[in-house]
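Here is what each chain is made of, one letter per residue.
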Amino acid sequence: MDGITNVMEYEEIARQKLPKMVYDYYASGAEDQWTLKENRNAFSRILFRPRILIDVSKIDMSVTVLGFKISMPIMIAPTAMQKMAHPEGEYATARAASAADTIMTLSSWSTSSVEEVASTGPGIRFFQLYVNKDRNVVVQLVRRAESAGFKAIALTVDTPRLGRREADIKNRFTMPPYLTLKNYEGLDIGKLDKTDGSGLALYVAEQTDGSLNWKDVKWLQTITSLPILVKGVLTAEDTRLAIENGAAGIIVSNHGARQLDYVPATIIALEEVVKAAQGRVPVFLDGGIRRGTDVFKALALGASGIFIGRPVVFSLAADGEAGVRKVLQMLRDELELTMALSGCRSLKEITRNHIVTDWDVPIPRVVPRL
């Protein structure tokens, strides 16, 4: 697909191509969608302080995540039901991630199973987990992910109930009948059916465990040796609790602004979490990234890497695997350019001094005497 010059352009193509119910499911946020807009807008309140006359002829963007070396700090977040976007769905995304030498996170609610995604070939993959009321289902899913070679569990902790997504209620969202949540096939649990409101909200109410708490994070460590990333942390308090309860890393996320509206943008919440973590575990950012400049800003605020969600499903809808590959390449190229123009040759050279935010205390200016 020619003529695409940035990640945002894929959204409009996806909107034109997809059925309204599907596009709205991917694109919308909770209630007033204030946080949805803020996830993007907040990046514009961070400006660069570039350093000049530094030899940037060679730039290294590689990073190690949970012991795995990848080509760049840009990874794929879990997004549900990717075959609604494109017939190849998660297969295409897995191949694109592998080609870019980065990590893909597979959603529990994927339309391809952990085994099917593993069959696409080598690649470093994480598995996103929703904790089902039936703990035997959880044990089976985690064991299958382990057997299929997945390297970490991303435990989503911000969904004791589904947020109020009014587009889904209006559209009476349900999954197309020819698709299934493949990871749950053969398990005796409910189906995502048509209702008067959002079929997904009803499904979540029936299946996911609203009693989930820190004890369950400990329990999860007894059933798997895989590292556990806690996804959905926005505060210093929960950061400290996550570390106390054995989290191997934290993903600062507001669920793509789809859960509680009027929480801060993730880029705003990031620094509080990073400071509370005190370097004990890596902190990652999920939400609102559309440019290489956004990635740089997150790294400058202390993130060890970032995850992208909507850009993946929109580019998948527009152009399949080639679309996802192009999104990853464009973000990589933009990050490399931002690093060069800021005077940073490696990720460790990106510091807090490379940015200024509108929440920084102003530096007192010394006025020279006349």
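No experiment lies behind these values; they were computed from the predicted model shown.

1. Side note on the overall build of the protein chain
- Along the protein chain, the regular secondary structure elements total 13 helices and 12 strands.
- Dimensions along the principal axes, computed over C-alpha positions, put the protein chain at roughly 80 × 50 × 40 Å.
- Burial status across the protein chain gives 56% buried among its 370 residues.
- Surface exposure of the protein chain reaches about 16,200 Å², of which carbon and sulfur atoms provide 53%.

2. As for the nonpolar core
- Residues L129 and I267 are the most contacted members of the largest nonpolar core, which totals 117 residues.
- If you tally residues by element for this core, the top one is helix α13 (residues 310-342), at 13 residues.
- Sequence-distant contacts of L129, that is, excluding residues within four places in its chain, are made with S108, V138, L141, V142, I153, A154, L155, T156 and L220.

3. What to know about the pattern of salt bridges
- On inspection of all chains with the given rule, the structure shows 19 salt bridges.
- The partner of D358 in a salt bridge is R45, with the nearest N and O atoms 3.2 Å apart. With D358 in the segment after β12 (355-357) and R45 in the loop between α3 (34-41) and β1 (46-48), this residue pair connects regions lying 313 residues apart in the sequence.
- Linking D216 and R135 is a salt bridge whose minimum nitrogen-to-oxygen distance equals 2.8 Å. Remark: R135 occurs in helix α6 (residues 135-147) and D216 occurs in helix α9 (residues 214-223); sequence separation between them is 81 residues.
- Among the charged side chains, a network of salt bridges with common partners joins E88, R95, E321 and R325.

4. Section: the pairing of strand β10 (residues 283-286)
- Burial along β10 is two-sided: the residues V283 and L285 and F284 and D286 are all buried.
- Inspection of the sheet shows β10 paired to strand β11 (residues 305-308) by three bridges, in the parallel sense. Opposite L285, over in β11, you have I306 as the bridge partner.
- Read from β10 through helix α12 (residues 292-300) to β11, the crossover connection turns out right-handed.

5. Re the packing of aromatic side chains
- Tallying each qualifying case throughout the model produces eight aromatic pairs.
- Ring geometry for W34 against Y262: centres 5.5 Å apart, planes inclined by 15°, an arrangement best described as stacked. In this pair, W34 sits in helix α3 while Y262 sits in the loop between β9 (249-252) and α11 (266-277), placing the two residues 228 residues apart along the sequence.
- Residues W109 and Y130 carry aromatic rings whose centres are separated by 4.0 Å and whose planes lie at 25° to one another, so their mutual orientation is stacked.

6. Topic: unusual backbone geometry
- Phi is positive for L53, close to 55°, though the residue is something other than glycine.
- As for its placement among the helices and strands, L53 is situated in the loop between β1 and β2 (63-65).
- Using a relative accessible area of 86% as the deciding quantity, one classes L53 as exposed.
- Of note in the backbone geometry, Q278 takes a positive phi value of approximately 55° without being a glycine.
- Relative to the helices and strands, Q278 resides in the loop between α11 and β10.

7. Here we look at the packing of helix α10 (residues 236-244) against α11
- At a closest axis distance of 8 Å, the pairing of α10 and α11 adopts a crossing angle of 40°. Considering their axes alone, α10 and α11 lie oblique with respect to each other. With respect to the hand of their crossing, α10 and α11 are arranged in right-handed fashion. Together, A236, E237, T239, R240 and I243 of α10 and E272, V273, A276 and A277 of α11 make up the contact between the two elements.
- Counted by class, the contact of α10 with α11 contains five nonpolar, one polar and three charged residues.

8. Some words on the packing of helix α2 (residues 20-27) against α13
- Contact pair α2 / α13: the axes reach a minimum separation of 10 Å and the direction vectors enclose 155°. Comparing their axes, α13 and α2 come out roughly antiparallel. Judged by residue contacts, Y23, Y26 and A27 of α2 engage R310, V313 and F314 from α13.
- For the contact of α2 with α13, the per-class residue count stands at five nonpolar, no polar and one charged.

9. What to know about the UniProt feature "binding site: glyoxylate" (unreviewed entry) in the protein chain
- UniProt's entry tags Y25, R165 and H255 with the feature "binding site: glyoxylate" (unreviewed entry), counted in the numbering of this structure. A maximum C-alpha distance of 13.1 Å places the annotated residues, which cover 231 residues in sequence, within one compact spot.
- With respect to the secondary-structure elements, R165 resides in the loop between β7 (152-156) and α7 (166-171).
- On the basis of relative accessible area, R165 is assigned to the buried category, the value being 4%.
- Residue placement: H255 occurs in the loop between β9 and α11.
- Contacts of H255, omitting those with residues within four sequence positions, involve Y130, T156, D158, T159 and R165.

10. Focus: α3
- All of the buried residues in α3 are T35, E38 and N39. Seen end-on, α3 carries its buried residues on one side only, within an arc spanning 110°.
- Looking at the buried positions of α3, the neighbouring elements they touch are α11.

Procedures and definitions
- Residues numbered from 1 in each chain as written.
- Predicted model: local features only at pLDDT ≥ 70, side-chain atom pairs only at ≥ 80, totals over all residues.
- Heavy atoms only, no water.
- Helix = DSSP H or I, 4+ residues; strand = E, 2+ residues; numbered from the N terminus.
- Buried < 20%, exposed > 50% of the residue type's maximum accessible area, 1.4 Å probe, protein only.
- Areas by Shrake-Rupley, 256 points an atom, 1.4 Å probe, with all protein chains shown as cover.
- Core = buried A, V, L, I, M, F, W, Y, C linked by side-chain atoms within 4.5 Å.
- Contact = heavy atoms within 4.5 Å.
- Salt bridge = Lys/Arg side-chain N within 4 Å of Asp/Glu carboxyl O.
- Pairing = 2+ DSSP bridges.
- Right-handed = clockwise from strand over helix to strand, strands pointing away.
- Phe/Tyr/Trp six-rings, centres within 6.5 Å; stacked < 30°, edge-to-face > 60°.
- Axes fitted to C-alpha atoms, helices over the stretch in contact; angles between N-to-C directions.
- Parallel < 35°, antiparallel > 145°, perpendicular 65-115°, else oblique.
- Left-handed = near helix turned anticlockwise from the far one by under 90°.
- Nonpolar A, V, L, I, M, F, W, Y, C, P; charged D, E, K, R; others polar.
- UniProt positions renumbered as here; feature names shortened; annotations may be inferred.
- Arc of directions from axis to C-beta.

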